[in-house]
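# Structural description and commentary
Listed below, chain by chain, are the residues.
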2 protein chains.
Amino acid sequence: MRKIERRERGILIISVGFLFLFFSSPLFTDSGDEALLKQAKSIFGPLPQVMRSEKNPITPEKVQLGKILYYETRISVDGTVSCARCHPIGLYAADGLKKSIGNNCKVNPRNAPTILNAAGQISAHWIGNRTDVEDQARQSVIGPPSFGMPSHEAVEIKLKEIKGYGELFKKAFPGETDPITVDNLAKAIGAFERTLVTPSRFDSFLKGDIAALNEKEKKGLKTYIEAGCIMCHFGPYLGGQTYQKFGIVEPYSKYTKSDPIDEGRYVVTKNEADKYVFKVPIHRNVAKTAPYFHDGSIDKLEDAVWIMGKIQLGKDLDKTQVEEVITFLKCLTGKIPDDALKVPLLPSMD
Amino acid sequence: MRKIERRERGILIISVGFLFLFFSSPLFTDSGDEALLKQAKSIFGPLPQVMRSEKNPITPEKVQLGKILYYETRISVDGTVSCARCHPIGLYAADGLKKSIGNNCKVNPRNAPTILNAAGQISAHWIGNRTDVEDQARQSVIGPPSFGMPSHEAVEIKLKEIKGYGELFKKAFPGETDPITVDNLAKAIGAFERTLVTPSRFDSFLKGDIAALNEKEKKGLKTYIEAGCIMCHFGPYLGGQTYQKFGIVEPYSKYTKSDPIDEGRYVVTKNEADKYVFKVPIHRNVAKTAPYFHDGSIDKLEDAVWIMGKIQLGKDLDKTQVEEVITFLKCLTGKIPDDALKVPLLPSMD
């Protein structure tokens, strides 16, 4: 009962908010721009410089080691899988496949989400079975379809065989007697990933530079807000903060060919209410990270936007509206930090 | 008959050369250093700044496109193979596997040689079935165990689907009406690879800076020369200029577990004299590119050096000699050009 009350209160607050926004935002005027900026600020908020974690403070040494480990294939069971394989930085840290292919050609259950801006979300991946980016790294190295190693100990043995890691782990985790552990590997990779924030022109706009978006893009932002995308895609990352049923109004299987139907977060919780529930993906760099949805079943952004309107909002967005939304989404393509665009040299075996 | 005469003349020249070197190189003296430098200059010669080709002049636009294409997975049949997969720059452009694994987990017939300094060799790969780095790229995209595409046309269709390539190919191949071709892809990748020269401390030595190598390293160089490694590993790349039978004195299968026995260049020429003949691999960055030999059958550099002594030179190098040679080989680990260590952003589908 208490839960329902909370939800109703939420709807009331959102409704009042929308009424306020509706009356305070005349279109295509300077004061309209100011109002749009104010509104956008309240919905999205600024990106952090790095995505901090109390449990895993970011240090340059950890970041450097983490970046090296991000490219390390020699700790996978067949020597072909690294973080970068499914999250290549040059492809905006997603791999362009419907579902990633890991060791020995094993297909992963879901599409690889970009690792850019990932550390600022409530969890890593789609269904909440990885609490954060560190946990994601920790689980991936023994994930049967990813690195496929039989145990954390086996990973540690492989790491210790590569001579150069001794010094690198010692520097990143000073004072530890035996720093080469999977926990530290996860912390180092996590620290690197926590630096992968990608500000874009939209952030310049949010900081007050109204000219950072052109008229079409501001119109797109308005449509994005008014159509209701922001019900889930809010906050600095435009998503990533909540779980949501995929297919609120209609089942998504009506529009995509997904086989088998993914039960989403239910797989983790076995709670009936979590059936078809997924973490809301972020819209940062979304124009660069096709294909779309947890199953990668949709290739084109326009199809993804239209389907979302249908199944989440019960709206049949017309071509213009879809185009407007996409015009805005393209403003979210951001700048990858320079340091992340440098290939690290990996330590050799001897 | 003419061929044999040439060979004999070659042996005579080499013999006279060695006699000259023997009498002109007293050890462990300053004049010894000078003599060693002179000798080294005559055997190895300077690295070029880039590895030019008359057929494929290097331009910044071609190099830039080539670097992007080097990371492009979307033109492989399963979307997982790029040049960088088997030649990751961070691992000195070799992949650390015995034999590379390509599309759909297909195993390549031989170990992936580093692409660093590759363009300066007589051919690409091991058995002379790729005339140069451009030919290697051209053949790889349709190679069944590599990219696995059914035809060059199919690659071109995939390239054209990725919108951003239009502009990039136009810039790299100005004046062409339909520049998106596999031939141009090969030229662009080739142009990028022609920039991958990795000078090391040994080059500073060759340029006259005798202090660039320490005493142990100079001793190593002497052992390398005197043991006879230079019979095949000569020139700026320390190899890569000739084909040679692998197992002159003894069959290599006596010391490595290679199954099946690779017939080498015979596969290409069907000439009985080419059985077990391979291109001499280069020693640039050799300490960073384990495992060794065409079949990747040897993990440790010390084992590789000792086996080479046995089967190529009929010498049972002792532990000290092997260590000396390795001390020198480690001086050949070079500097990868800064630009090659930057990850390029790949064009998106829209």
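Throughout, a residue's number is its position along its own chain's written sequence, starting from 1. Key to labels: chains lettered from A, ligands numbered from 1, both in the order written. The model is predicted, so local features are restricted to residues of pLDDT at least 70 and side-chain atom pairs to those at 80 or more, both for listing and for counting; the totals for chains, interfaces and linings are taken over all residues. Excluding hydrogens and water, the side-chain figures rest on all heavy atoms present in the structure.

## Considerations on the overall build of chain A
Each helix and strand counted, chain A has 13 helices and two strands in total. A radius of gyration in this sense is built from C-alpha atoms; the matching globule rule multiplies 2.2 Å by the number of residues raised to 0.38. Computed over C-alpha atoms, the radius of gyration of chain A comes to 21 Å, within 12% of the 20 Å expected from 2.2 N^0.38 for 350 residues, which places it in the range of a compact globule. Here the C-alpha coordinates of chain A stretch approximately 70 × 45 × 40 Å along the principal axes. Burial analysis of chain A (350 residues in total) assigns 55% to the buried set. Partitioning the contacts of chain A with sequence separation of at least 6, the portion at a separation of at least 24 is 69%. Charged residues are defined here as Lys and Arg on the positive side and Asp and Glu on the negative side; His and the ends of the chain fall outside this count. Charge coordinates come from a single atom per side chain, which is NZ of Lys, CZ of Arg, CG of Asp or CD of Glu. Taking the average location of the 48 positive side-chain charges in chain A and that of its 43 negative ones, the two points are 1 Å from each other. Secondary structure elements follow DSSP: runs of H or I no shorter than four residues count as helices, runs of E no shorter than two count as strands, and numbering proceeds from the N terminus. Note on exposure labels: buried denotes an accessible area under 20% of the residue type's maximum, exposed denotes more than 50%, and partly exposed covers the range between, all computed with a 1.4 Å probe on protein chains only. For this analysis, residues touch if any pair of their heavy atoms sits within 4.5 Å.

## A closer look at the relation of the copies chain A and chain B
C-alpha atoms of residues with pLDDT of at least 70 in both copies form the basis for the least-squares superposition of the copies. With an RMSD of 0.0 Å, the operation that places chain A on chain B is a rotation of 180° combined with a shift of 0.0 Å along the axis. Taken together, the rotation and translation relating the two chain copies correspond to the operation of a two-fold axis. Minimal C-alpha separation from the rotation axis in chain A is found for Lys342(A), amounting to 2.3 Å. When the interface residues of chain A are mapped onto chain B, 100% of them again lie at the interface, so the same face is used by both copies.

## Remarks on the state of the cysteines
The rule for a disulfide is simple: a pair of cysteine sulfur atoms within 2.5 Å. Throughout the structure, instances matching the rule amount to one disulfide over all chains. A sulfur-sulfur distance of 2.3 Å marks the disulfide that ties Cys105(A) to Cys105(B). In this structure the cystine formed by Cys105(A) and Cys105(B) twists about its S-S bond by roughly 125°; its chirality is therefore right-handed. One end of the pair, Cys105(A), is in the loop between helix 4 (83-86) and helix 5 (133-140); the other, Cys105(B), is in the loop between helix 4 (83-86) and helix 5 (133-140), on a second chain. Judged by its relative accessible area of 26%, Cys105(A) is partly exposed. This cysteine, Cys229(B), is not joined by any disulfide, and Cys232(B) carries the nearest cysteine sulfur, 9.4 Å off. Judged by relative accessible area, which is 15%, Cys229(B) ranks as buried.

## Here's the deal with the pattern of salt bridges
A pair is scored as a salt bridge if a Lys or Arg side-chain nitrogen falls within 4 Å of a carboxyl oxygen belonging to Asp or Glu. Under the criterion given, the structure shown has 39 salt bridges over all chains. Here Asp299(A) ties to Lys98(A) by a salt bridge, and the two come within 3.3 Å at their closest N and O atoms. Linking Asp299(A) in the loop between strand 2 (277-279) and helix 12 (301-313) with Lys98(A) in the loop between helix 4 and helix 5, this pair joins segments that are 201 residues apart in sequence. Across the pair Lys160(B) and Asp178(B) runs a salt bridge, and its minimum N-O distance is 3.5 Å. In this pair, Lys160(B) is assigned in helix 6 (residues 152-161) and Asp178(B) in the loop between helix 7 (165-172) and helix 8 (182-193), connecting sequence segments 18 residues apart. Residue classification places Lys160(B) among the partly exposed residues on the basis of a relative accessible area of 43%. Overall, Asp178(B) belongs to the partly exposed group, its relative accessible area being 45%. Taken together, the shared-partner salt bridges in this structure form one network comprising Asp33(A), Glu215(A) and Lys218(A).

## What to know about the confidence of the model for chain A
Residue and element names in this part refer to chain A. pLDDT gives the predictor's per-residue confidence on a scale running from 0 to 100. Counting all residues, the mean pLDDT for chain A is 92, and 91% of those residues have values of 70 or more. Every residue in residues 1-13 scores below 50 in pLDDT, and together they form zero contacts with partners more than four places removed in sequence or on other chains. Among the prediction metrics, the complex's ipTM stands at 0.88, with pTM recorded as 0.90.

## Points about the side chain of Ser76(A)
Residues and elements named next belong to chain A. Turning to its location among the elements, Ser 76 is positioned in the loop between helix 3 (60-70) and helix 4. Its relative accessible area of 0% is what places Ser 76 among the buried residues. A polar contact is formed between the side chain of Ser 76 and the backbone oxygen of Thr 73, at a distance of 2.8 Å. Reaching out from Ser 76, the side chain makes a polar contact with the backbone nitrogen of Gly 79 at a distance of 3.1 Å. Each residue touching Ser 76, except ones within four places of it in the same chain, is listed here: Val 81, Phe 147, Met 149 and Lys 158. Here a polar contact is recorded for every N or O atom pair within 3.5 Å, except that within protein the pair must consist of a potential hydrogen donor and a potential acceptor, and residues adjacent in sequence are included only if both atoms are side-chain atoms.

## A closer look at the side chain of Glu324(A)
Checked against the element boundaries, Glu324(A) lands in helix 13 (residues 319-329). Dropping the residues within four chain positions of it, Glu324(A) is found in contact with Lys219(A), Gly220(A) and Thr223(A).

## Quick word on the environment of Thr223(B)
All names here are of chain B. Turning to its location among the elements, Thr 223 is positioned in helix 10 (residues 215-227). A relative accessible area of 6% means that Thr 223 is categorised as buried. Each C-alpha atom, one on Thr 223 and one on Val 322, is 8.8 Å from the other, the two residues being 99 residues apart in sequence. Here Thr 223 is in contact with Gln 321, Glu 324 and Val 325, once residues within four sequence places are set aside.

## Digging into the interface of chain A and chain B
The interface of chain A with chain B comprises 29 residues on the first partner and 29 residues on the second. Once two parts are brought into contact, the accessible area they lose, counted with a 1.4 Å probe and summed over both, makes up the buried area. Contact between chain A and chain B buries roughly 2300 Å² in total, counting both sides, with carbon and sulfur atoms accounting for 63%. Sorting the residues of chain A by area buried against chain B places Leu91(A), Val343(A) and Leu345(A) first, and these three jointly supply 23% of that buried surface. Applying the counting rule to chain A against chain B returns zero salt bridges. Here chain A and chain B share six residue pairs in polar contact (both at pLDDT 80 or more) between them.

## Observations concerning helix 3 (residues 60-70) of chain B
All names here are of chain B. Helix 3 sits mainly inside the fold: eight of its 11 residues count as buried. Looking at helix 3, one finds that the buried residues are Lys 62, Val 63, Leu 65, Gly 66, Lys 67, Ile 68, Leu 69 and Tyr 70. Tucked inside the fold, the buried residues of helix 3 contact helix 4, helix 6, helix 7 and helix 8.

## What about the packing of helix 5 of chain A against helix 8 (residues 182-193) of chain A?
Residue and element names in this part refer to chain A. Two elements in contact, helix 5 and helix 8, have axes separated by 8 Å at closest approach and are oriented at 130°. When the interaxial angle is binned, helix 5 and helix 8 end up oblique. Like other packed secondary-structure pairs, helix 5 and helix 8 cross with a definite hand, here right-handed. Judged by residue contacts, Val 133, Glu 134, Ala 137 and Arg 138 of helix 5 engage Val 182, Asp 183, Ala 186, Lys 187, Ile 189, Gly 190, Ala 191 and Glu 193 from helix 8. Tallied by class, the residues present in the contact of helix 5 with helix 8 amount to six nonpolar, one polar and five charged. Here an angle of 0 to 180 degrees is reported between the N-to-C directions of two axes, which are lines fitted to C-alpha atoms, with helices fitted over the stretch in contact. When an angle is under 35 degrees it counts as roughly parallel; over 145 it counts as roughly antiparallel; between 65 and 115 it counts as roughly perpendicular; any other value is oblique. Handedness of a crossing follows from how the near helix is turned relative to the far one, being left-handed for an anticlockwise turn of less than a right angle and right-handed for a clockwise one. Think of it as three bins: nonpolar holds Ala, Val, Leu, Ile, Met, Phe, Trp, Tyr, Cys and Pro, charged holds Asp, Glu, Lys and Arg, and polar takes everything else, Gly as well.

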